[in-house]
Amino acid sequence: MDRTLWKNTITSYAGWFTNSLRRRRSILFGLILSVLLFVVCVQYNASNDIGIQNIQNTLVMSEFDTDEQPLNKHQPPAPISGTVRKMEKEEDVNFNEELQEPARKSRRTQISEPQQSLPYVPPQRLVHIDFKGAPPKLSYLQKLFPLIKRFGGTGLLLEWEDMFPWSGNLSPMAAGNAYSKAEIIEILKMAAVNGLEVIPLIQTFGHVEFALKLPDFAHLREVQESPQALCPSYNASMRFIEQMVDQILELHGNVNYLHIGCDEVFHMGECFRCRSKAREDLFLSHVKQVATYVRTKSPNTIPIIWDDMLRHLPVATMQLYDIGKLVEPMVWVYAEDVYRFVMQSVWEKYQIVFPNAWTASAFKGAFGETLYIPNVKRHLENNLNWLQLMSNENSRFTGGFKGIVITGWQRYDHFAVLCEVLPSSIPSMVVNLLATTNGYMNQSLQTDLNEGLNCGVFGHNNEYDGDFLNLNNDPHLWDQFSRCTFPGNTFFRLLYRLHSIEIDYNDFMLVTKKNRGWMTSYNVEHEFSSPLRVDELMNDHSRIYRSLLSMVRPFQESMTGIFDKYTISEWIEQRIYPMIKELEKIHNEARDLKAKKTWPKRPLPMLKELLRIGVTERELSTPSNDGT
């Protein structure tokens, strides 16, 4: 072999071997680096998990508990920082306190540090029960009151309206299905047995529709066209209020508080007696007169008023009428962003005028007049944000906040239809009461929640997915508590089924009457459509109709132990019957459209009713394009 060729061959093999060795060394080096990186990541994640676990442990252990000490479930867990987490609407709602420390410090270190602040818990936590036109049976209240007590409620705000057994000159105000005096006494006894303080609520200015709608009291109206508010300048108005106060106090005894309403006075300063006076003077003078009568009649009873009519009044005017010495304001906001509706400037005014204040959130009846089940996510955000605000503002009042009332409106006013009735709202009431009682809502309260709602083996447990309550996906808590056996659970569960049927019904109506072109009002009016298309559109009709009919009896049975026959029939008439009636109407329209075997040629005759809105039968002249 040629020496040059041999040398080149040797050199080539040597280069190949060297390059291969380099490649293998690079691969080996890369593998070693990958293994090292993997080990580091595993160690980091393990240490991070320990840190997270330690942080979570601080939510369920007091600062000085050792690992061997048993957990006391009645002792609220100490949060790491702050008191309550304020949430924005866009956030994923997990409802845990903000966690800022990377890990739980050692017991020795914690002892040497100052004690961290506990969550803010209002001194009193009342549940508002609105009886307006739909009185729950005493047997149901007997189950409800212990539940309120169990979850931390300290009292009840009872709004009687037309369900109170008014007597004498006021007897026309009592509804035909109002409670008797004996039943009122029994309700008050049940509250006392459960350690719940009762604050009665009567309307003394606005929202007096239940009385002013009647011919007996129409002369007390501020505006004759509306029974919403009474005239504060008419002497007979004050005599009317005095009789209400007398009868309420007679049955309730020596109560600590009497709520005298005074919110949303929509008509004021409009009648011939009032129009020469300033609205703020009319309002404050009336409140002063009512509050003075209450304190004279029952010296130990403090009047409470809703605050909305005070928010725009100047401090000097409120002080002129000594309002701060006569009443305590109950500041109400049901939306999530509390400060948006009661701004800092309002709190600064209230803190000058009033030594004490109350607040009011909601667990139902606040986000839609015709809703039949509350959105628990929105209500919980409202309550948690109230706790944050109360924590911020409490020290500015000389006497602090007296407490919070979690309102549960049954109607928006006397003339409105029923909104979320009590049995549909028990999970919402319990969740929000539990939050206000502890000052927070997180995973540590899950056992109490499941046990209190009698969930048993069906208790919701999100321990592993880390999403407590899962309110983003289940804002009504249907998935989580439908199988629990709390008072009214059967009605609550049936609402889930009704909700599904209602979705199908709405989709059917949208397609049939609006989105498709063969059963619109035009087709029905002119009896002009394709039988084939009508059959296609009516495919789902029978299924939806039968489903709705099948719900009537179960709903009636589920409400029998809760409401009287009048409330049951009213609810079914408002919630289910309109859909049944509309489906029956569409069925008849479809039948008439399909009965036609021949059809007229176009154009179809003009609808005579169009003449009423200005459509003429004669041909209009075409306007010229040049504007002449």
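Note that the structure is a prediction, hence the values are computed from the model and not measured. (Residues numbered from 1 in each chain as written. Predicted model: local features only at pLDDT ≥ 70, side-chain atom pairs only at ≥ 80, totals over all residues. Heavy atoms only, no water.)

Within the largest apolar cluster, 155 residues are counted, with the highest numbers of intra-cluster contacts made by Phe145, Phe240, Phe283 and Trp571. The contact partners of Phe240, leaving out residues within four places of it in the chain, are Leu170, Met173, Val208, Ala211, Phe217, Leu220 and Leu230. Judged by nonpolar contacts, the second largest core, of 16 residues, contains Ile304, Trp358, Ala362 and Trp409. (Core = buried A, V, L, I, M, F, W, Y, C linked by side-chain atoms within 4.5 Å. Buried < 20%, exposed > 50% of the residue type's maximum accessible area, 1.4 Å probe, protein only. Contact = heavy atoms within 4.5 Å.)

Quick look at the packing of aromatic side chains now. Enumeration according to the criterion identifies 21 aromatic pairs in this entry. Here the aromatic cluster, defined as three or more aromatic residues joined through ring pairs, consists of Trp347, Tyr350, Phe354, Trp386, Phe397 and Phe401. Seen from the ring of Trp332, Arg311 lies directly overhead, with NZ or CZ sitting 5.6 Å from the centre. Between the NZ or CZ atom of Arg378 and the centre of the ring of Phe367, over which it lies, the distance is 3.7 Å. (Phe/Tyr/Trp six-rings, centres within 6.5 Å; stacked < 30°, edge-to-face > 60°. Lys NZ or Arg CZ within 6 Å of the ring centre and 35° of its normal.)

What follows deals with the environment of Asn432. Inspection of the secondary structure puts Asn432 in helix H13 (residues 426–438). Linking Asn432 and Ile406, residues 26 residues apart in sequence, is a C-alpha distance of 7.9 Å. Once residues within four sequence positions are removed from consideration, Asn432 is found in contact with Phe363, His379, Leu380, Asn383 and Ile406. Within polar-contact distance, the side chain of Asn432 engages the backbone nitrogen of Leu380 at 3.3 Å. (Helix = DSSP H or I, 4+ residues; strand = E, 2+ residues; numbered from the N terminus. Polar contact = N/O pair within 3.5 Å; in protein donor to acceptor, adjacent residues only side chain to side chain.)

Here we take up the pattern of salt bridges. Considering all chains together, one arrives at 18 salt bridges under this definition. With its nearest N and O atoms 3.7 Å apart, the salt bridge here joins Glu451 to Arg150. Taken as a pair, Glu451 in helix H14 (residues 446–452) and Arg150 in helix H3 (residues 138–150) lie far apart in primary sequence, 301 residues in all. When its relative accessible area of 38% is taken as the criterion, Glu451 is described as partly exposed. Judged by relative accessible area, which is 48%, Arg150 ranks as partly exposed. Notably, a salt bridge pairs Arg553 with Glu557, separated by 3.2 Å at the nearest N-O pair. Note that Arg553 and Glu557 are positioned in helix H19 (residues 541–560) at a spacing of 4 residues, about one turn of the helix. Sharing partners across several salt bridges, the network here consists of Asp130, Lys132 and Glu159. (Salt bridge = Lys/Arg side-chain N within 4 Å of Asp/Glu carboxyl O.)

Looking now at the side chain of Asn356. Residue position: Asn356 is located in the loop between helix H11 (344–353) and strand S9 (357–364). Among the polar contacts listed, one links the side chain of Asn356 to the backbone oxygen of Gly399, at a separation of 3.2 Å. In this structure, Asn356 is in contact with Glu328, Pro329, Phe397, Gly399, Gly400 and Lys402, ignoring residues within four places of it in sequence.

Attention now goes to the pairing of strand S5 (residues 226–230). Within S5, 5 of the 5 residues are buried, which leaves it mostly tucked inside the rest of the structure. Both strand S4 (residues 221–223) and S5 contribute to a ladder of 2 bridges, which runs antiparallel. In the sheet register, Val223 faces S5, and the bridge partner there is Ser226. Linkage of S4 to S5, two consecutive antiparallel strands, is achieved through a turn of 2 residues. (Pairing = 2+ DSSP bridges.)

Taken N-terminus to C-terminus, the directions of H11 and helix H12 (residues 376–393) make an angle of 50 degrees; their axes are 12 Å apart at the nearest point. Regarding the angle of H11 to H12, the classification is oblique. For the crossing formed where H11 meets H12, the hand is right-handed. Contacts between H11 and H12 involve Gln344, Trp347 and Gln351 on the former and, on the latter, Trp386, Leu389 and Glu393. Grouping the constituent residues of the contact of H11 with H12 by class yields 3 nonpolar, 2 polar and 1 charged. (Axes fitted to C-alpha atoms, helices over the stretch in contact; angles between N-to-C directions. Parallel < 35°, antiparallel > 145°, perpendicular 65-115°, else oblique. Left-handed = near helix turned anticlockwise from the far one by under 90°. Nonpolar A, V, L, I, M, F, W, Y, C, P; charged D, E, K, R; others polar.)

Below, the discussion takes up the state of the cysteines. For the structure shown, the criterion picks out 1 disulfide. A disulfide bridge connects Cys455 with Cys484, and the sulfur atoms are separated by 2.1 Å. Measuring the twist about the S-S bond at about 100 degrees, one finds the Cys455-Cys484 disulfide to be right-handed. A residue pair is termed long-range when its members are at least 10 positions apart, and Cys455 in the loop between H14 and helix H15 (478–481) and Cys484 in the loop between H15 and helix H16 (489–515) qualify at 29 residues. Free of any disulfide, Cys231 has its nearest cysteine sulfur in Cys271, 3.6 Å distant. For Cys231, a relative accessible area of 0% puts it in the buried group. (Disulfide = S-S within 2.5 Å.)

Of all the 5 residues making up strand S7 (residues 302–306), 4 are buried; the element is thus mostly covered by neighbouring parts of the structure. Handedness of the crossover joining strand S6 (residues 257–259) and S7 through helix H7 (residues 279–297) is recorded here as right-handed. (Right-handed = clockwise from strand over helix to strand, strands pointing away.)

So, on to the environment of Ile305. With respect to the helices and strands, the residue Ile305 is situated in strand S7. The exposure class assigned to Ile305 is buried, which follows from its relative accessible area of 0%.

A surface patch of nonpolar side chains, amounting to about 330 Å² of accessible area, comprises Met606, Leu610, Ile613 and Val615. Mapped onto the secondary structure, Ile613 falls in the segment after helix H21 (577–595). You can call Ile613 exposed: its relative accessible area is 58%. (Patch = residues over 30% accessible without salt bridge, like charges linked within 9 Å, V, L, I, M, F, W, Y side chains within 5 Å. Areas by Shrake-Rupley, 256 points an atom, 1.4 Å probe, with all protein chains shown as cover.)

Quick look at the confidence of the model for the protein now. For the protein, per-residue confidence averages 85 on the pLDDT scale, and 79% of positions sit at 70 or higher. Segment residues 44–115 is flagged for pLDDT under 50; beyond a separation of four residues in sequence, or across chains, it makes 121 contacts in the model. (pLDDT = per-residue confidence, 0-100.)

A few words now on unusual backbone geometry. In this chain, Arg602 is followed by Pro603 through a cis amide linkage whose omega measures 0 degrees. With respect to the secondary-structure elements, Pro603 resides in the segment after H21. Residues other than glycine seldom take positive phi values, yet Glu161 does so here, at roughly 50 degrees. Along the chain, the position of Glu161 falls in the loop between strand S2 (155–159) and helix H4 (181–193). On the basis of relative accessible area, Glu161 is assigned to the buried category, the value being 6%. Of note in the backbone geometry, Leu477 takes a positive phi value of approximately 65 degrees without being a glycine. Within the secondary structure, Leu477 sits in the loop between H14 and H15. Its relative accessible area of 0% is what places Leu477 among the buried residues.

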